Amino acid sequence: MHLFLTSSNLTLNGQYINEENGFRSLLFDVLPHHIRCLYIASDPSNTIHNDEWGNYQKKALMNSHFLVDTFTVLDDRNKEKTEELVKESDLIILGGGHVPTQNKFFREIHLKKYLKEYEGVIVGVSAGSMNCAKTVYAMPELSGEYLDKKYQKYFRMILDAVKNEYPLEIEWTNRRG
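The following paragraphs examine the structure supplied in this document. (Residues numbered from 1 in each chain as written. Predicted model: local features only at pLDDT ≥ 70, side-chain atom pairs only at ≥ 80, totals over all residues. Heavy atoms only, no water.)

### Remarks on the overall build of the chain
Next, step 1: Helix and strand content of the chain: six helices and seven strands.
Next, step 2: When the helices and strands of the chain are listed from N to C terminus, the series reads β-α-β-α-β-α-β-α-α-β-α-β-β.
Next, step 3: Across the 177 residues of the chain, 42% fall into the buried class.
Next, step 4: The long-range share in the chain, meaning contacts at least 24 apart out of those at least 6 apart in sequence, stands at 77%.
Next, step 5: Carbon and sulfur atoms make up 51% of the accessible area of the chain, which amounts to about 10900 Å² in all. (Helix = DSSP H or I, 4+ residues; strand = E, 2+ residues; numbered from the N terminus. Buried < 20%, exposed > 50% of the residue type's maximum accessible area, 1.4 Å probe, protein only. Contact = heavy atoms within 4.5 Å. Areas by Shrake-Rupley, 256 points an atom, 1.4 Å probe, with all protein chains shown as cover.)

What follows is the structure, encoded as structure tokens:
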């Protein structure tokens, strides 16, 4: 499995996959020529938002010269097909959004179980990246969370069983001057 954790995988205008620090090139290196993409939503019930963000991701991939054969949004409409959709995907994008809501959805669809044997590419975006950590502090974001004494701030995430078998090499290039 190749795992990319990002705050955002798109350029500021949302039209392309980000080229900063060679990210787009790295994706080209690890993805097949034709890709089958699965976009996993952060809020499974907000289907209009999910389709909108899924379309942004798909257009950015295509504008960046990736050949997208299939693009599927995974949310409440098709969650019963999670195992099949994961197995059929070369690229999984874990969307951004509200960390606790997404974490609850990932647990509901047993995503951790289906990713254990996954050999494709995963791109985490914002909350999607946070939900790949072993344990993360999820800062209160929504109205009332800060004052809610029962708000759970620490979460065990979906990929805590994934082991990095190779030393992680990070090359940092400051391209802003």
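### Examining the packing of aromatic side chains
Next, step 1: Counted under the stated rule, the structure contains three aromatic pairs.
Next, step 2: With a centroid separation of 4.1 Å and 5 degrees between ring planes, the pair formed by Phe-28 and Phe-66 is classed as stacked. On the criterion of sequence distance, the pair formed by Phe-28 in helix H1 (residues 23–30) and Phe-66 in the loop between helix H2 (47–63) and strand E3 (67–74) is long-range, its members being 38 residues apart.
Next, step 3: The class for Phe-28 is partly exposed, based on a relative accessible area of 35%.
Next, step 4: Note on Trp-53 and Tyr-56: the rings are 4.9 Å apart at their centroids and 75 degrees apart in plane angle, and the pair reads as edge-to-face. Of the two residues, Trp-53 and Tyr-56 both sit in helix H2, three residues apart, roughly one turn of that helix.
Next, step 5: On the accessibility criterion, Trp-53 (34% relative accessible area) is partly exposed.
Next, step 6: Residue class for Tyr-56 comes out partly exposed when judged on its relative accessible area of 36%. (Phe/Tyr/Trp six-rings, centres within 6.5 Å; stacked < 30°, edge-to-face > 60°.)

### Description of unusual backbone geometry
A negative phi angle characterises most non-glycine residues, just as the trans form characterises most peptide bonds.
Next, step 1: Here His-110, not a glycine, exhibits a phi torsion of approximately 55 degrees, which is positive.
Next, step 2: By relative accessible area, His-110 is classed as partly exposed at 46%.

### Some thoughts on helix H4 (residues 99–108)
Next, step 1: Restricting attention to buried positions, one finds in H4 the residues Val-99, Pro-100, Gln-102, Asn-103, Phe-105 and Phe-106.
Next, step 2: Once H4 ends, the next one or two residues include His-110, with phi positive near 55 degrees.

### Quick word on the pattern of salt bridges
Next, step 1: Enumeration according to the criterion identifies seven salt bridges in this entry.
Next, step 2: Taking the shortest distance from any N to any O, the salt bridge between Asp-90 and Arg-36 comes out at 2.8 Å. Remark: Arg-36 occurs in strand E2 (residues 34–40) and Asp-90 occurs in the loop between helix H3 (82–87) and strand E4 (91–94); sequence separation between them is 54 residues.
Next, step 3: Taking relative accessible area as the criterion, Arg-36 reaches 35% and is therefore assigned partly exposed.
Next, step 4: Residue Glu-108 is joined to Lys-79 by a salt bridge in which the shortest nitrogen-to-oxygen separation is 2.5 Å. Of this pair, Glu-108 sits in helix H4 while Lys-79 sits in the loop between E3 and H3, and the two are 29 residues apart along the sequence.
Next, step 5: Linked through salt bridges whose partners overlap, the residues forming this network are Asp-51, Asp-75 and Arg-77. (Salt bridge = Lys/Arg side-chain N within 4 Å of Asp/Glu carboxyl O.)

### Considerations on a nonpolar patch on the surface
Next, step 1: Taken together, the side chains of Met-1, Leu-3 and Leu-5 make up a nonpolar region of the molecular surface, amounting to roughly 250 Å² of accessible area.
Next, step 2: Inspection of the secondary structure assignment puts Leu-3 in strand E1 (residues 2–6).
Next, step 3: Judged by its relative accessible area of 35%, Leu-3 falls in the partly exposed class. (Patch = residues over 30% accessible without salt bridge, like charges linked within 9 Å, V, L, I, M, F, W, Y side chains within 5 Å.)

### Some remarks on H1
Next, step 1: Residues of H1 that are buried include every one of Phe-23, Arg-24 and Leu-27, and no others. Along the axis of H1, the buried positions cluster into a sector of 100 degrees, meaning they face one direction only. (Arc of directions from axis to C-beta.)

### Here we look at the sheet that holds E1
Next, step 1: With parallel pairing, five strands are arranged side by side in an open sheet as E1-E5-E4-E2-E3. Every other strand in the sheet has two partners, leaving E1 and E3 as the edge strands with one partner each. The average undirected angle you get between the axes of adjacent strands in this sheet is 15 degrees.
Next, step 2: Bridging between E2 and E3 involves seven bridges; their strand directions are parallel. In the strand pairing of E3, Ile-35 is matched with Val-68.
Next, step 3: Taken strand by strand, H1 contacts E1 and strand E5 (121–125), and its axis lies near 160 degrees from that of E1.
Next, step 4: On top of the sheet, H4 reaches E2, E3 and E4; it is set at about 115 degrees to E2, its chief contact. (Pairing = 2+ DSSP bridges. Axes fitted to C-alpha atoms, helices over the stretch in contact; angles between N-to-C directions.)

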